[in-house]
Structures are given as structure tokens and as C-alpha cells.
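# Remarks on the overall topology
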Amino acid sequence: MSSYSIKMTVNGKEVSGEVEGRTLLVQFLRDHLGLTGTHVGCDTTQCGACTVHVNGRAMKSCTLLAAHADGADVTTIEGLADGDNLHPMQEAFREHHALQCGFCTPGMVMSAIGLVKDNPKMSEKDVRHGLEGNICRCTGYHNIVEAILDAQTKMGA
Amino acid sequence: MYDFTYQRASSLDDAKSKFSGADDARYMAGGMTLLPVLKQRLDQPSDLVDLGFLDDLKGISEDGGNLVIKAMTVHHAVNTSDLVKSKIPALAHLAGTIGDPMVRNRGTIGGSLANNDPAASYPSAVLALNATIHTDGRTIAADDFFTGMFDTALNEGELITQVSFPIPEKAGYCHFPNPASRYPIVGVFVAKTADGPRVAVTGAGACVFQVPEMESALASNWSPDAVANVKCSADGLNEDIHASPEYRAHLITVMAKRAIEAAG
Ligand SMILES: Cc1cc2nc3c(=O)[nH]c(=O)nc-3n(C[C@H](O)[C@H](O)[C@H](O)COP(=O)(O)OP(=O)(O)OC[C@H]3O[C@@H](n4cnc5c(N)ncnc54)[C@H](O)[C@@H]3O)c2cc1C
Ligand code: FES
Ligand code: FES
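## A word on the sheet that holds strand S14 (residues 209-210) of chain B
Residues and elements named next belong to chain B. Read across the sheet, four strands follow the order S11-S12-S13-S14 without closing on themselves; strand pairing throughout is antiparallel. In this open sheet, the two edge strands, each paired with only one partner strand, are strand S11 (170-177) and S14. The pairing of strand S13 (residues 196-202) with S14 spans two bridges and is antiparallel. From the neighbouring strand, Val201 faces S14, where its bridge partner is Phe209. Along the sheet, helix H5 (residues 89-96) contacts S11 and strand S12 (184-193); its crossing angle with S11, the most-contacted strand, is approximately 20 degrees. Strands S13 and S14 of the sheet are contacted by helix H10 (residues 212-220), whose axis makes an angle of about 150 degrees with S13.

## A look at the pattern of salt bridges
Counting across every chain of the model gives 18 salt bridges over all chains. With a shortest N-O distance of 2.8 Å, Asp43 of chain B and Arg26 of chain B are connected by a salt bridge. Taken together, the residues Asp43 of chain B in the loop between helix H2 (34-39) and strand S3 (47-50) and Arg26 of chain B in strand S2 (residues 25-28) connect sequence positions 17 residues apart. Residue Arg26 of chain B is classed as partly exposed on the basis of its relative accessible area, which comes to 22%. Across the pair Asp240 of chain B and Arg248 of chain B runs a salt bridge whose closest N-O atoms are separated by 2.9 Å. Residue Asp240 of chain B is classed as partly exposed on the basis of its relative accessible area of 36%. Given the relative accessible area of 4%, Arg248 of chain B is considered buried. When salt bridges that share partners are traced, they join Lys60 of chain A together with Asp100 and Arg182 of chain B into one network.

## Thoughts on the domain arrangement of chain B
Residue and element names in this part refer to chain B. By domain assignment, chain B separates into domain 1 (5-49) and domain 2 (58-263). Its C-alpha centre places domain 1 at a distance of 26 Å from the equivalent point of domain 2. Between domain 1 and domain 2 the total buried area reaches about 950 Å² when both faces are included, carbon and sulfur atoms providing 67% of it. The interface formed by domain 1 and domain 2 holds one salt bridge in total. For the salt bridge of Lys16 with Asp136, the shortest nitrogen-to-oxygen distance reads 2.5 Å. At the boundary of domain 1 and domain 2, one finds four residue pairs in polar contact (both at pLDDT 80 or more). Counting residues per element, the side of domain 1 that touches domain 2 draws most heavily on helix H1 (residues 12-21), which supplies four residues.

## Notes on the sheet that holds S3 of chain B
Within a beta sheet, neighbouring strands are joined by backbone hydrogen bonds and run either parallel or antiparallel to one another. All names here are of chain B. The three strands lie next to each other as S1-S3-S2, forming an open sheet whose pairing is parallel. The two strands at the open ends of the sheet, each matched to only one other strand, are strand S1 (5-8) and S2. Sheet twist, expressed as the mean angle between neighbouring strand axes with direction ignored, is 25 degrees. Note: S2 against S3, four bridges, orientation parallel. Note on S3: the bridge partner recorded for Met28 is Asp50. Each of S1, S2 and S3 is contacted by H1, which is oriented at about 150 degrees to S2, the strand it contacts most.

## What about the pairing of S3 of chain B?
Residue and element names in this part refer to chain B. Burial along S3 is two-sided: the residues Asp47 and Val49 and Leu48 and Asp50 are all buried. Both S1 and S3 contribute to a ladder of four bridges, which runs parallel. Looking at the pairing, Arg8 lines up with Asp50 of S3. You can see the chain leave S2, run along H2 and come back into S3, and the turn it takes is right-handed.

## Brief notes about the layout of surface pockets
Of the voids in this model, the second largest pocket is the one considered here, and its volume is about 640 Å³. Around the second largest pocket, the lining is made up of 26 residues, and of these Leu115, His129 and Gly130 of chain A together with Asn79 and Arg104 of chain B lie nearest the centre. It is helix H3 (residues 105-118) of chain A that provides the largest number of residues to the lining of the second largest pocket, a total of five residues.

## Comments concerning the nonpolar core
One finds Leu91, Leu113, Tyr122, Val126, Phe165 and Phe189 of chain B to be the most contacted residues of the largest nonpolar core, which totals 37 residues. Secondary-structure elements contributing two or more residues to this core are strand S5 (66-70), H5, helix H7 (109-115), helix H8 (122-128), helix H9 (142-145), strand S10 (160-166), S11 and S12 of chain B. Non-local contacts of Leu91 of chain B, meaning those with residues more than four positions away in its chain, are made with Leu67, Ile69, Val78, Val84, Tyr122, Ala125, Phe165 and Phe189 of chain B. Ranked by size, the runner-up nonpolar core spans 32 residues in total, among them Val26, Phe28 and Cys50 of chain A together with Leu35 of chain B.

## Here we look at the environment of Gln162 of chain B
Residues and elements named next belong to chain B. On the secondary structure map, Gln162 appears in strand S10. The spatial distance from the C-alpha of Gln162 to the C-alpha of Met102 is 23 Å, given a sequence separation of 60 residues. Filtering out sequence-adjacent residues up to four positions away, Gln162 remains in contact with Val68, Ile69, Lys70, Ala71, Thr132, Ile133 and His134.

## Some details on the packing of H3 of chain A against helix H5 (residues 142-156) of chain A
All names here are of chain A. Across the interface, H3 lies against H5 with an axial gap of 10 Å and an inter-helix angle of 45 degrees. The angle between the axes of H3 and H5 places the two elements in the oblique class. Crossing angle aside, the handedness with which H3 passes H5 is right-handed. Along its contact with H3, which presents Met108, Ala112, Ile113 and Val116, the element H5 presents Ile144, Ile148, Gln152 and Met155. Looking at the contact of H3 with H5, its residues break down into seven nonpolar, one polar and no charged.

Rules used throughout
Starting afresh in each chain, residues are numbered from 1 along the sequence in its written order. Lettering of chains starts at A and numbering of ligands starts at 1, both following the order in which they are written. A pLDDT threshold of at least 70 governs which residues receive local features in this predicted model, and a stricter bar of 80 or more applies before side-chain atom pairs are shown or counted, although totals over entire chains, interfaces and linings include all residues. Computation of side-chain values covers all heavy atoms of the structure but excludes hydrogens and water. Pairing between two strands is assigned when DSSP locates at least 2 bridges connecting them. Going along the chain from the N terminus, every DSSP run of H or I of four or more residues is numbered as a helix, and every run of E of two or more is numbered as a strand. Whether two residues touch is decided by their heavy atoms; if any such pair falls within 4.5 Å, the residues are in contact. To obtain an axis, a line is fitted to C-alpha atoms, over the contacting stretch when the element is a helix, and the angle between two such axes runs from 0 to 180 degrees between their N-to-C directions. The term salt bridge refers to a side-chain nitrogen of Lys or Arg lying within 4 Å of a carboxyl oxygen of Asp or Glu. Here's how the labels work: a residue is buried when its accessible area is under 20% of the maximum for its type, exposed when over 50%, partly exposed in between, all with a 1.4 Å probe on protein chains only. Note that the domain bounds reflect an automated or database-derived domain assignment. What gets called buried area is simply the loss in accessible area from a 1.4 Å probe that two parts show on being joined, summed for both. Whenever two N or O atoms come within 3.5 Å, that pair is a polar contact, provided that in protein one can donate a hydrogen and the other can accept it, and provided that, for residues adjacent in sequence, both atoms are side-chain atoms. Whether a crossover is right-handed comes down to one check: with the strands pointing away from the viewer, does the path from the first strand over the helix to the second run clockwise; if it does, it is right-handed. Computed over the protein atoms alone on a 1 Å grid, cavities are sets of points where a 1.4 Å probe fits but cannot get out and pockets are open sets with protein on both sides within 12 Å along at least five of seven lines; a residue lines them when it has an atom within 4 Å of a point. Grid points are joined across faces, edges and corners, and a volume is the space filled by probe spheres set on the points. To define a nonpolar core, start from buried Ala, Val, Leu, Ile, Met, Phe, Trp, Tyr and Cys residues and group those joined through side-chain atoms within 4.5 Å. In what follows, roughly perpendicular refers to angles from 65 to 115 degrees, roughly parallel to angles under 35, roughly antiparallel to angles over 145, and oblique to any angle outside these ranges. Helix crossings are classified by the rotation of the near helix relative to the far one: an anticlockwise turn of less than a right angle makes the crossing left-handed, while a clockwise turn makes it right-handed. Amino acids are sorted into nonpolar (Ala, Val, Leu, Ile, Met, Phe, Trp, Tyr, Cys and Pro), charged (Asp, Glu, Lys and Arg) and polar (every other residue, Gly among them).

This is the structure we're talking about:
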């Protein structure tokens, strides 16, 4: 089968590579670029661990072709912090103990930033509804919701 | 996933010619159904023709008494559109109940209708609102479009370009979601249209269907009470680990009542 030369911007850097038609964006990020912060929890579009931003929108990178993302602007969990300064959402997750094993966390943080961008005045109910595509096996969600509500205030400030 | 040739369409005509030039192609819209199907190796196309860059197929507008939604418009755009919220708020609400935010950022109305999943949300709105599906070659009335489980009136290679919804006097949608997949176990869309009330049910059967008993009850009395005593038969309804046919039949009445309450 054919291979495709693709180019995209990932976390502000130009990257390129050769992929198959069927290569998923998450495989390109993890296996080609070594950006293993983006996780694969289910590979069936359910859990949200693979969430990244493509052209500013949160998407499940396990269900997106790398070839489709040719030319796109992609942000992963590795692209959020500014040196040692965590993004306010990352900081809030740390502050509120919003993770235990941490497996779901990169996807949670990426989704959460997308939610705040779409609606900077979310109620607790809005946050819970917004997290329907992100599964956490550890925390029971309570502290994740607290963290997002707190980060929402700080991101607006 | 078996490998395939990836082709990016640059125009509607280009999509058509790439499709017909390939051995066994599929169009890809948001890929939210197609890619999971390919991952499970339930299908093995030779080519995927990506419609994702056809900006002419995206957008929402008003045309006469119709709300027109182009095929590649994602669920998020329908959910948050001021025009949809003001003309058919129930449709904006329905779009916001589909899957989750990431699915709504990718999944499209055209992909949802072409796929015609028995539990898909949009078919209930399209049928209840008596919408018209426009393709690259013709228009198809909602009454003729949904022909069976995962089956539609579309021909091989025929492309949905837009859907036009006559703006109803009132409409409401209510569903009982499967807590794991978030697809409706039963979803009911009700509309008070120029041709009288229409009630369409998704999730309960093999394909979206209307409930004539409820429609005639609503014609003389548009209120939740009018449908409260209409019992649906469980015959032929879906059965799975989540709900029995009897439970689904019961849910149709409950969801219809709530949808009428929501419509006001
Ligand atoms: C976790 C999850 C939860 C979901 N929950 C729901 C839910 O609650 N309710 C619901 O309704 N859906 C749900 N979906 C499905 C979602 O709405 C999909 O977006 C939709 O079914 C398919 O749209 P798509 O744009 O992704 O199409 P694709 O997956 O790209 O395509 C689907 C099929 O349609 C064909 N096709 C696509 N566009 C066209 C066109 N313009 N003309 C002709 N054929 C075309 C393709 O060839 C393919 O066969 C869910 C999906 C996921 C992953
Ligand atoms: S790995 Fe993508 S949704 Fe679970
Ligand atoms: S912290 Fe373990 S899965 Fe969420």
C-alpha cells in the first residue's frame, strides 16, 4: 500500500514523517515523534485518554488519521507548560489532587481546556456533562471537577 | 485496521470522481463511525475519500421557511448555532446530546444520516420535522430516506450535500441515553408541523419510525396528557443487555411525554 509524506505543526514545531493510510494520529505522535504523553486507553473512541487539540478543537487522536492531520496545528499535553511553569489547568489538577494513577490525566487536561474555551462560565453540571467522553478508573471524578472549576476562574482572570 | 489508500477530496466533483475511480471506496466525513468500523475489521475498503476539507459542504443558513444544514456540519456547530437555537431549539439540543464534546467536534449530520444507525439521534429529528435530504443528484423526502437498519435510499457513491428542515411551530426532543455509549436507548422527537403533529422514535426499533396513534392524539390535543395513555407494542423492538423490548416500548411513551413538555 502507499505511504504518505505528511507535515504538521505539533506544539509549535514543524514536524514531518512517512505514514500509511491507516496510521492514526496517536500512533504518529507516540511512535514517530516519541510524544508518549498522549495515551491510548481503549482505542475504541470511548475513554478520551488520547485527546489532543487539532486546529484548536479537542479530538480523539485514536480516531483520526495522521494523513487527515497533514497540514494541521496540533497541541498535545507536552505543549502546555511554559518551561517549568505549568498551564493553569495542569496546576489545578496538581493542587486539587485530581489524579491518582495519572493514566487518564493528559486526556482530561486537554478536554478540560477545550471545555473552558467553549464556555468559560461552566457550572458543576456543565463540567460533568462536558467530561462524558473522558473515563477515569481511579478518582471518582470529584476532584477533577473541582480542579476544572478552579482553573476556569484562573484562566479567566 | 486493514490498510487503504487515503485520498483527500478538493471539491464535490473531485470526491465523486475519486470515489468512482477506486475499486471499492468509502467517503469519510468525521470518521467517528467509519474508523471504529474499520478498526474492528468489519469492512475493508480499497480507498477512503476524505470529505473533511470541503468547506462548501459546511454551514447553516435560513432559506425561506427552512433551516438548511450542510452535510459536513459538525454536531458542535449545530448545537451552538444561534440560528438553530432560535429557529429549531430542539434540534440544537439534540445535537448537544450526541456522544461527547470530542465526538461532536468531528461527527457530521451527513455521516450520521448516511450511516442510519438504529440508535442514531438525528434520524428522529429528520423524520419528525419532515425534512428533505439533498444529494449531489436529487432530493429525498425523510419519509423515503430511512429504509432499514443501517440502510438508506442512497445509491452507491451518492453524496448527501445538505438537509433542509421546514421550521415547525414547536418541537421537542427527549432521550434516555445508554450510560456507557451515550447513544439513545430510546429517543423521541415531536414536532407540530404545517402538516400536523409528527412523532418519530429512534433507538427502539431496527430503524427510526413514526407513532401514528400519538400523532392523531396530538392533533386534537397538543399536550403531554394526550400521549400518556398511548401504549406502544413491544413487537419487533430491539432487545439487548441494556433494555428489553417491553422496557423500550414503555420508554417511548415516557420520552414522548417529556419531549412534548420540552416543546411547550
Ligand atoms: C463515543 C461515541 C458516541 C456516539 N454517540 C452518538 C449518539 O449519542 N447519537 C448519535 O447519533 N451518534 C453518536 N455517535 C456517532 C456520531 O454521531 C457519528 O458522528 C456519526 O454516526 C457518523 O458521522 P461521521 O461524520 O463521523 O461519519 P463517518 O464515520 O465518516 O461516516 C459514516 C458513514 O457515512 C458515509 N458518509 C459520510 N458522509 C457522507 C455523505 N455526505 N454522503 C454520503 N455518505 C456519507 C461514510 O461513507 C460512512 O459509511 C457516537 C460516536 C462515538 C464514537
Ligand atoms: S484511546 Fe482514544 S478514546 Fe480511548
Ligand atoms: S487517575 Fe487513574 S484513570 Fe484517572
